[in-house]
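Here is how the chains run, residue by residue.
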Amino acid sequence: MEIIRREQDGLPFYWCDGLDGTAHGFSTRRGGVSPAPWDSLNLGASCGDQPQRVAENFHRFCAAIGTDSRSIIKNRQVHGRRVRPVTAADILSAPELPGTVEADGLITDVPGLCLTVFSADCLPVLLCDPQRRVIAAVHAGWRGTALGIAAQAVEQMTADYGCRPDSIRAAIGPGISACCFETRSDVPDGLRDGLSREAETCISPLPGGEKFMVDLKRANTLWLERAGVPRSSIAVCSACTACDSGDFWSHRMLGQNRGSMAAMIQLLP
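Residues numbered from 1 in each chain as written. Predicted model: local features only at pLDDT ≥ 70, side-chain atom pairs only at ≥ 80, totals over all residues. Heavy atoms only, no water.

Can you walk me through helix 1 (residues 51-65) in this structure?
Counting along an α-helix, one turn takes 3.6 residues, and residues three or four places apart therefore face a common direction. End to end, helix 1 covers 21 Å across 15 residues, agreeing with the expected 21 Å (1.5 Å per residue, within 8%). Restricting attention to buried positions, one finds in helix 1 the residues Arg53, Val54, Ala55, Asn57, Phe58, Phe61, Cys62, Ala64 and Ile65. Where helix 1 ends, the next residue or the one after it, Gly66, has phi of about 90°, a positive value. (Helix = DSSP H or I, 4+ residues; strand = E, 2+ residues; numbered from the N terminus. Expected span 1.5 Å × (residues − 1). Buried < 20%, exposed > 50% of the residue type's maximum accessible area, 1.4 Å probe, protein only.)

Sorry, what's going on with the sheet that holds strand 9 (residues 123-129) here?
Either a parallel or an antiparallel arrangement is found when strands of a sheet pair, and the pairing is made through backbone hydrogen bonds. Strand order in this open sheet of six strands is 5-7-10-9-11-15, and the pairing throughout is mixed. The sheet is open, and its two borders are formed by strand 5 (83-85) and strand 15 (234-236), each paired with just one other strand. On average, adjacent strands in this sheet sit at an angle of 15° to one another, irrespective of strand direction. Pairing of strand 9 with strand 11 (residues 169-172) involves four bridges; the strand directions are antiparallel. Residue pairing in the sheet places Val125 in a bridge with Ile172 of strand 11. (Pairing = 2+ DSSP bridges. Axes fitted to C-alpha atoms, helices over the stretch in contact; angles between N-to-C directions.)

Teacher, can you tell me more about the environment of Gly44 here?
Position of Gly44 among the secondary structure elements: in the loop between strand 3 (22-27) and helix 1. Counting along the chain gives 13 residues from Gly44 to Asn57, while the straight-line C-alpha distance between them is 9.8 Å. In this view, Gly44 contacts Val54 and Ser260; residues no more than four positions away in its chain are not counted. (Contact = heavy atoms within 4.5 Å.)

In structure tokens form, the structure reads like this:
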């Protein structure tokens with residue numbers, strides 16, 4: 001499996017070749033209508049951008065990746081490990097509205113629902129089981145990563161929908177990479193609490209012993225493997241949101257004065 005940069009009608013996005021039976025994509029900041037500081041494909045409803053521009057950006061992104069902008073379900077992030085099953089009752093009446101599902105993960109087996117999570121350094125993770133036809137979208141910040149939200153999504157797909165972990169495929173989208181994620185001890189300590197000794201492969205101490213470089217992409221890969229997803233069924237995007245300011249917004253680099261990217265997945269009929 002591989003995550004590939006594609007472009008449709010002038011709008012670039014990232015796509016995974018292994019999420020069969022779905023329409024999906026990870027957005028960049030390019031291809032929309034919003035002015036600075038949201039230039040240009042801002043998909044965040046709470047960034048200060050005008051709602052009509054956010055709506056147009058969603059229409060463009062959905063058209064490019066083949067999803068339905070009339071069936072969007074958005075999460076309201078809580079930076080934890082809660083994964084919520086959703087149904088047609090959770091569809092927003094308009095794409096520019098903020099998310100209403102208080103969770104960092106969304107899961108469904110209902111075709112046509114467009115699951116959407118947001119990021120600007122945190123990791124978006126899309127999952128699907130092509131055999132049982134179940135999908136999930138997860139927002140994995142460092143706290144959610146430390147708590148194993150990616151593994152929690154796999155466990156709920158298994159327990160609630162009858163999926164087999166070895167049939168699940170996962171795509172870890174663009175996010176901050178180990179080259180740029182410098183932290184103090186709270187992040188490494190959180191990873192150690194969740195992943196025990198395996199966490200050390202994600203942590204590189206810096207001289208002086210007070211700061212660390214942390215690899216959240218590897219940590220989420222470890223959680224998925226721990227939950228039973230084969231390594232060959234996990235694709236990881238190499239793009240770093242902090243390195244590439246031309247393609248992405250980075251909370252670490254820009255703070256709140258920015259737009260937001262989205263990851264979206266829809267089960268096809």
